[in-house]
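# Summary of the model geometry
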Amino acid sequence: MRQRSRRRIMRATIELVDQRGYAGTTLSDIAERAGLARGLLSYYFDGKRLLMQSATHRMMHQALSGELAELPPGASPEARLARAIDTVLSLAMDHPRVMRSHLALILDPDTGAFVQDPEQQQVGAILQGLLEDWGAPDPVAEHAVLRSALMGGCIGVLLPGAEIPLAPIRADLFGRYGLAWELGRPPQPLPPPERERPPAHG
């Protein structure tokens, strides 16, 4: 019962923030959408900010699990890692209000903090497992690097007024892990032209 209630609350949070944004969504709205008493939200989650982060992590966990399950059993570690990267970047494109709110809460110097709740730990376990299969010598440390790179990629496609197209962000991430462009779910048939690197000085 407790887990069902938590899932209903987090699902309602994603639905409402998708529609109204974080500022336009109240805890009372979430409770009404979830069909639960307002007081239960405070019992399960210590405030709206932590609820938002947990709900976003659950969305990421569900998306990753679902996308990876669609791959054939013999899919290569590279194909699985590529699908995971594409899944997270796709969430930024498909749920921009949710992902902007999530990133803004983490980055706010007054209230921000990266919450390692059970939902986030499940996401981390999936990514660490993929990196271990890919051959990372230290999957835990490499997960921290990948997590930061994915956050940066999501910020790039979501930055209001200065959005970066998805293709070059994806190409940069795929290049970091030596992944072929055609793996995962490419946003276009061919990769973007490689950027010219500035000449070395000194």
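Right above here is the structure, for reference.
Just so you know, these numbers come straight off a predicted model, no measurement behind them.

### Structural notes on the pattern of salt bridges
On inspection of all chains with the given rule, the structure shows 9 salt bridges. Linking Arg33 and Glu15 is a salt bridge whose minimum nitrogen-to-oxygen distance equals 3.0 Å. Taken together, the positions of Arg33 in helix H2 (residues 27-34) and Glu15 in helix H1 (residues 2-20) put the pair 18 residues apart, joining distant regions of the chain. Between Asp172 and Arg176 there is a salt bridge; the shortest N-O distance is 4.0 Å. With Asp172 and Arg176 both in helix H9 (residues 166-176), this residue pair falls 4 residues apart, about one helical turn.

### Quick look at the packing of aromatic side chains
Taken as a whole and assessed by the stated rule, the structure comprises 2 aromatic pairs. Plain terms: the ring middles of Tyr43 and Tyr44 are 5.0 Å apart, the flat faces sit at 70 degrees to each other, and that makes the pair edge-to-face. A residue is classified by how much of its surface remains accessible, and Tyr43, at 56% relative accessible area, is exposed. Each ring, one from Trp134 and one from Tyr177, has its centre 5.2 Å from the other, and the planes form 80 degrees; the classification is edge-to-face. On the criterion of sequence distance, the pair formed by Trp134 in helix H7 (residues 118-134) and Tyr177 in the segment after H9 is long-range, its members being 43 residues apart. The exposure class assigned to Trp134 is partly exposed, which follows from its relative accessible area of 27%. For Arg170, the ring lying beneath its charged end belongs to Phe174, and the centroid distance is 3.8 Å. Here Arg170 stacks its cationic end above the ring of Trp181, 4.5 Å away from the centre of that ring.

The rules behind the values
Residues numbered from 1 in each chain as written. Predicted model: local features only at pLDDT ≥ 70, side-chain atom pairs only at ≥ 80, totals over all residues. Heavy atoms only, no water. Salt bridge = Lys/Arg side-chain N within 4 Å of Asp/Glu carboxyl O. Helix = DSSP H or I, 4+ residues; strand = E, 2+ residues; numbered from the N terminus. Phe/Tyr/Trp six-rings, centres within 6.5 Å; stacked < 30°, edge-to-face > 60°. Buried < 20%, exposed > 50% of the residue type's maximum accessible area, 1.4 Å probe, protein only. Lys NZ or Arg CZ within 6 Å of the ring centre and 35° of its normal.

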